[in-house]
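Remarks on the overall topology
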Amino acid sequence: MEFPLERAHLPSTGSALFETVAALDAADPLARYRERFFLPDGITYLDGNSLGALPRATPARVQAVMQEEWGTGLIRSWNSADWIGAPQRVGGKIARIVGAQPHEVVVADSTSVNLSKLIMAVLAAAPHRTTVLSEPGNFPTDLYMVETALATVGGGRRLQLAEREQLVQQITDDTALVLLTHVHYKTADVYDMQALTAAAHAKGALVLWDLSHSVGAVPLALNTCNADLAVGCGYKFLNGGPGAPAFLFVAERHHQTLVSPLGGWMGHARPFAFVDAYEPAPGIARFLCGTPPILSLAALESGVDIHLEVDMQVVSRKAQALAALFMELVSARCGAYGVSLVGPPSGAPRGSHVSFRHPEGYAIMQALIARGVIGDFRAPDIMRFGLTPLYLRFADVVQAVNTLEDVLRTESWRASEFQVRQAVT
Ligand SMILES: *Cc1c(COP(=O)(O)O)cnc(C)c1O
């Protein structure tokens, strides 16, 4: 075990804590990955679950694609630099991270658009099933995409919401699709993918997993879990850059039966035959729509490549250890100020972020950011901290808790500049 953290023996302050944390950082098998990322001086970055840090290799790679492939290669680069194959090539790399076959994953569009494509494809393939099942408090875009798909092609079918404890009982012969976010974006609660998928299959329903807070954060084994469909983000734990394209997974057994509602030419069986009639590509490529964003794909590939070097089990164990340290220290030192943990308790399965509730969470987060500790805020009262094992040290967690305690003790969050809500929180 690389990250021994005996909770009973964890000192919460002082030089004993300093020594414990120094030992954890010294023994960290992932420590050398930190230098692969650009991290500004004086910043403790706890928001890699919302926008992953910039890999140091990325600017040169994007520059090369611009200068050599675009500048010099021009249109020839669609073939000579295999731009045309980039969605499948990068998809094949992501497949290794999510436990799928390379031809089951493709990079395309945004997570929202991919959700819509797969929801509509399932609705079309299961015309006699009347509901899409999800949970209240799922990520908003997931619910909005179901609502708007149903309003467009639902024909009277409806969205049903059930709390996670009741979800399995609510899956019936009427359920077309169960749509769930594998790691919850606020609480970091995690579903048992294998058990839930089996329960849905027992009723003949398909499951669509949103992996936005899972990919690059927790070990995934889509094929072992017999998963049907999945989508996920490129700009969070995969470090693909702001607005990086997303990916989608369709299990091979569904390739012939599911058809994209957005039959763009890039998803055609023969895009360059320029025929009038739509004919979906035989495999995963049918879920492509328009021309792929090559510059963004280059940045995404650079982020994905780092993840191919590491063992996700080790990444996940470090994430759990970082989270355990963070939760222990906050509960010992900040609990008295009204900060309480949201989501799984220490030791329980969880994603790679930790959230705390406080009625003044927004202002407290702004005060933290002003002091170089960057997390984010999710309405109405959640302070969220992403723990990214590839570039965070145990010492960063201590630094964050020291700052949080100081902000709470001095009530520096009361300053008027921290009360103003910005457009992005
Ligand atoms: C971040 C996130 C998204 C983002 O979707 P976009 O289309 O990229 O804006 C979707 N689902 C979940 C669960 C997310 O956390």
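One structure accompanies this document, and this report is about it. All values derive from a computational prediction rather than experimental measurement. (Residues numbered from 1 in each chain as written. Predicted model: local features only at pLDDT ≥ 70, side-chain atom pairs only at ≥ 80, totals over all residues. Heavy atoms only, no water.)

1. As for the overall build of the chain
Within the chain, the regular secondary structure consists of 12 helices and 15 strands. In terms of overall dimensions, the chain is globule-like: its C-alpha atoms have a radius of gyration of 22 Å, near the 22 Å expected for 425 residues. In terms of overall dimensions, the chain has C-alpha extents of about 70 × 55 × 45 Å along its principal axes. Relative to all contacts within the chain whose residues are 6 or more apart in sequence, the contacts with residues 24 or more apart total 73%. Only carbon and sulfur atoms are counted for the fraction: they give 56% of the accessible area of the chain, which is about 17700 Å². Both charge centroids of the chain, one from 33 positive and one from 40 negative side chains, sit 1 Å from each other. (Helix = DSSP H or I, 4+ residues; strand = E, 2+ residues; numbered from the N terminus. Rg over C-alpha atoms; globule rule 2.2 N^0.38 Å. Contact = heavy atoms within 4.5 Å. Areas by Shrake-Rupley, 256 points an atom, 1.4 Å probe, with all protein chains shown as cover. Lys, Arg positive; Asp, Glu negative; His and termini not counted. Charge placed at Lys NZ, Arg CZ, Asp CG, Glu CD.)

2. Describing the packing of aromatic side chains
By the definition in use, this model includes 11 aromatic pairs. Ring geometry for F326 versus F385: centroids 5.1 Å apart, planes at 85 degrees, classification edge-to-face. Taken as a pair, F326 in helix α10 (residues 312-333) and F385 in strand β15 (residues 382-386) lie far apart in primary sequence, 59 residues in all. Per residue, the accessibility class of F326 equals that of F385, and both read buried. Every member of this aromatic cluster is reached through a ring pair, and the members are W265, F272 and F274. Here K236 stacks its cationic end above the ring of F139, 5.5 Å away from the centre of that ring. Seen from the ring of Y362, R421 lies directly overhead, with NZ or CZ sitting 4.5 Å from the centre. (Phe/Tyr/Trp six-rings, centres within 6.5 Å; stacked < 30°, edge-to-face > 60°. Buried < 20%, exposed > 50% of the residue type's maximum accessible area, 1.4 Å probe, protein only. Lys NZ or Arg CZ within 6 Å of the ring centre and 35° of its normal.)

3. Digging into the site of the ligand
Neighbouring the ligand are 13 residues; S112, D210, H213, Y235 and K236 lie closest to it. A distance of 2.7 Å separates a nitrogen atom of the ligand from a polar side-chain atom of D210. Against a free-state accessible area of 390 Å², the protein chains account for coverage of 86% of the ligand. Elements with a contribution of two residues or more to the shell around the ligand: α5 (111-125) and α6 (140-153). Along the lines of polarity and charge, the residues of the shell around the ligand split into three nonpolar, seven polar and three charged. (Near = heavy atom within 4 Å. Polar contact = N/O pair within 3.5 Å; in protein donor to acceptor, adjacent residues only side chain to side chain. Nonpolar A, V, L, I, M, F, W, Y, C, P; charged D, E, K, R; others polar.)

Limitation: the analysis is restricted to geometry and does not speak to function.
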